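# Reading the structure
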Amino acid sequence: MARISQRIGSIAESATLAVDAKAKALKAAGRPVIGFGAGEPDFATPDYIVQAAIEAAKQPKYHRYSPAAGLPELRESIAQKTMRDSGYSIESSQVLVTNGGKQAVFNTFATLLDPGDEVLLPTPFWTTYPEAIRLAEGVPVEVFAGPEQGYLVTVDQLEAARTEKTKILLFVSPSNPTGAVYSPEQVAEIGRWAAEHGLWVVTDEIYEHLVYDDASFTSIATAAPELADRVVILNGIAKTYAMTGWRVGWMAGPLDVIKAATNLQSHTTSNVSNVSQMAALAAVAGPLDAVDEMKVSFDRRRRAMVEALNSIDGIECPTPKGAFYAYADVRGLLGRTIAGTTPQTSAELASLILDEAEVAVVPGEAFGPSGYIRLSYALGDADLKEGMDRLKRFLA
């Protein structure tokens with residue numbers, strides 16, 4: 001008999017975390033690796049949020065179990081924040097606080113999918129989405145949009161991929177890994193199409209505050225009111241407030257879905273750490289001043305990274321309009337001999353870059369087809385410049 005179940009044994013490890021772990025291990029061994037792998041802001045969590053956690057830790061009531069769905073005051077604040085930022089009206093009872101955004105993703109698919117149900121997955125996608133779908137015994141159906149179309153899928157592409165087994169459309173804007181942002185008109189069109197065919201829409205809005213230039217965040221929940229109660233919003237504090245390690249996310253949606261997902265969570269992890277929840281309350285109920293300051297730095301780094309990448313022969317990188325990632329087309333480098341090696345895939349290229357140039361990037365295979373690399377510009381300015389200089393020297 002197999003020691004590991006087929007269900008768990010078939011899960012691919014998180015490629016982004018694997019690259020980040022390897023980069024950190026090499027740094028610990030004394031190698032000066034620059035890591036563009038993990039999507040983790042280099043800023044400290046704002047002081048007022050940290051102070052809220054310190055005060056909570058002193059109170060014995062937060063040393064105990066709390067409701068599996070989350071602290072009532074946090075759920076209420078998330079409902080108010082959802083109205084403020086997404087324009088979508090919900091009650092606090094329609095919010096489930098989760099252990100990070102990943103648990104919100106898993107809870108949602110586990111709650112909505114039956115074996116064989118299909119999920120339309122615009123590609124490139126965040127590496128966790130297809131694994132969470134498969135864990136829920138669903139079937140991810142990739143719908144690829146390349147740089148030629150700004151990494152934005154069209155209704156025609158979605159319709160071509162739809163079958164009688166399609167139950168969910170996963171919609172993400174701004175996107176990880178590409179930084180692509182759909183226009184309000186595109187969001188509304190896709191939402192109306194999904195509603196017309198009776199599909200659920202699961203929308204990940206975790207990068208809602210990180211948009212640049214003329215781009216704007218548009219929630220599909222409000223752009224397409226025809227969806228009514230067939231939409232689930234995923235979100236969290238990690239990216240907006242530089243709180244990746246605090247592990248607080250949430251899902252918001254129809255009451256029956258939230259009740260079922262809460263029941264699931266009550267048997268897996270139960271409540272999120274109360275101290276982290278109180279920190280999250282300070283974040284979502286507080287001002288966005290610190291967020292706006294971080295965005296100024298992200299914008300500067302975004303422009304510097306794209307300019308540097310596009311100066312390298314064989315790389316083409318559209319300018320991302322959101323999040324903090326650049327998704328570069330490196331097909332022009334494949335099949336070219338570099339430092340005595342001829343990489344044929346972006347995975348081979350990423351490995352070569354790490355070993356020889358000591359720069360960590362994530363290959364496109366983690367997010368869909370080969371031929372691309374993702375680089376996060378959430379790291380410091382000095383490291384970004386050094387990393388780009390190394391890439392340019394190595395790939396020249």
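A brief look at the structure comes next. Predicted model, so just to flag it, every value in this text is computed and none were measured. All chains use their own residue numbering, which begins from 1 and follows the written sequence. A pLDDT threshold of at least 70 governs which residues receive local features in this predicted model, and a stricter bar of 80 or more applies before side-chain atom pairs are shown or counted, although totals over entire chains, interfaces and linings include all residues. By convention in this description, side-chain values take in all heavy atoms of the structure and omit both hydrogens and water.

### Brief notes about the pairing of strand 6 (residues 200-204)
For every residue, the accessible area obtained with a 1.4 Å probe (protein chains only) is divided by the maximum for its type, and the residue is called buried under 20%, exposed over 50%, and partly exposed between those limits. Secondary structure elements follow DSSP: runs of H or I no shorter than four residues count as helices, runs of E no shorter than two count as strands, and numbering proceeds from the N terminus. The buried fraction of strand 6 amounts to five of the five residues, a majority that puts the element mostly inside the structure. The side-chain alternation of strand 6 yields two buried faces, one formed by Trp 200, Val 202 and Asp 204 and the other by Val 201 and Thr 203. A pair of strands counts as paired when DSSP detects no fewer than two bridges linking them. As judged from the five bridges shared by strand 5 (residues 166-172) and strand 6, these two strands associate in the parallel manner. When the bridges of strand 6 are listed, Leu 170 appears paired with Val 202. Crossover handedness for the path strand 5 to helix 8 (residues 184-196) to strand 6: right-handed. Viewed with both strands pointing away, a crossover whose connecting path from the first strand over the helix to the second turns clockwise is right-handed.

### Description of the side chain of His 209
Summarising the element assignment, His 209 is placed in the loop between strand 6 and helix 9 (220-223). Contacts of His 209, omitting those with residues within four sequence positions, involve Lys 81, Arg 84, Asp 85, Thr 240, Leu 288, Val 291 and Lys 295. Two residues form a contact once any of their heavy atoms are found within 4.5 Å.

### Here we look at the environment of Ala 223
Mapping Ala 223 onto the fold places it in helix 9. Between the alpha carbons of Ala 223 and Tyr 88 there is a distance of 9.6 Å; along the sequence they are 135 residues apart. Among residues more than four places away in sequence, those in contact with Ala 223 are Val 187, Ala 188 and Thr 218.

### With respect to the packing of aromatic side chains
Two numbers describe a pair of aromatic rings. These are the distance of the centres and the angle of the planes. We call Phe, Tyr and Trp rings a pair once their centres come within 6.5 Å, taking the six-membered ring for Trp, and we label the pair stacked below 30 degrees between planes, edge-to-face above 60, and tilted otherwise. Tallied over the entire structure, the rule returns 12 aromatic pairs. Summarising the aromatic geometry, the rings of Trp 126 and Tyr 129 are spaced 5.1 Å apart at their centres and angled 85° between planes, so their arrangement reads as edge-to-face. What makes Trp 126 buried here is its relative accessible area of 15%. Seen in terms of ring centroids, Phe 298 and Phe 324 are 5.2 Å apart; in terms of plane orientation they differ by 50°. Their pairing is tilted. In this pair, Phe 298 is assigned in helix 12 (residues 289-310) and Phe 324 in the loop between helix 12 and strand 9 (325-329), connecting sequence segments 26 residues apart.

### As for the packing of helix 3 (residues 47-57) against helix 11 (residues 274-285)
In the contact formed by helix 3 and helix 11, the axes pass within 8 Å of each other and the chain directions differ by 145°. As helix 3 packs across helix 11, the resulting crossing turns out to be right-handed. Contact residues: helix 3 offers Tyr 48, Ile 49, Ala 52, Ala 53, Ala 56 and Ala 57, while helix 11 offers Val 275, Met 278, Ala 279, Ala 282 and Ala 283. In this count, Pro and Cys sit with the nonpolar residues alongside Ala, Val, Leu, Ile, Met, Phe, Trp and Tyr, while Asp, Glu, Lys and Arg are called charged and the others, Gly among them, polar. Taken together, the residues that form the contact of helix 3 with helix 11 break down as 11 nonpolar, no polar and no charged. Structural elements are reduced to axes, namely lines fitted to C-alpha atoms, with helices fitted over the stretch in contact, and the angle between N-to-C directions of any two is expressed from 0 to 180 degrees. Left-handed describes a crossing whose near helix is turned anticlockwise from the far helix through less than a right angle; right-handed describes the clockwise counterpart.

### Quick word on the sheet that holds strand 6
Backbone hydrogen bonds are what pair the strands of a sheet, in a parallel or an antiparallel way. One open sheet holds the seven strands; their spatial order is 2-8-7-6-5-3-4, and the pairing between them is mixed. Only two strands of the sheet have a single partner each, and these edge strands are strand 2 (95-98) and strand 4 (139-144). Taking each pair of neighbouring strands and ignoring which way they run, the sheet shows an average axis angle of 20°. As paired elements, strand 2 and strand 8 (residues 249-252) share four bridges and run antiparallel to each other. The residue bridging Leu 96 from the neighbouring strand is Met 251, located in strand 8. Contacts from helix 5 (residues 100-112) reach strand 2, strand 3 (118-123), strand 5, strand 6, strand 7 (231-236) and strand 8 within the one sheet, and its direction differs from that of strand 8 by about 30°.

### Brief notes about the pairing of strand 12 (residues 372-376)
The buried count for strand 12 comes to five of five residues, which makes it a mostly enclosed element. On strand 12, burial covers both faces: Tyr 372, Arg 374 and Ser 376 on one face and Ile 373 and Leu 375 on the other are all buried. Direction of pairing for strand 11 (residues 362-363) relative to strand 12: antiparallel, over a ladder of two bridges. By the bridge assignment, Val 362 is partnered in strand 12 with Arg 374.

### Thoughts on unusual backbone geometry
Looking along the chain, the bond that leaves Thr 123 and enters Pro 124 is cis, with omega of 10°. Relative to the helices and strands, Pro 124 is located in the loop between strand 3 and helix 6 (128-135). The linkage connecting Ser 173 with the following residue, Pro 174, adopts the cis geometry, with an omega of 0°. Examined against the element boundaries, Pro 174 turns out to sit in the loop between strand 5 and helix 8. We note that Ala 323 has phi near 60°; this positive angle belongs to a residue other than glycine. Of note, Ala 323 is situated in the loop between helix 12 and strand 9.

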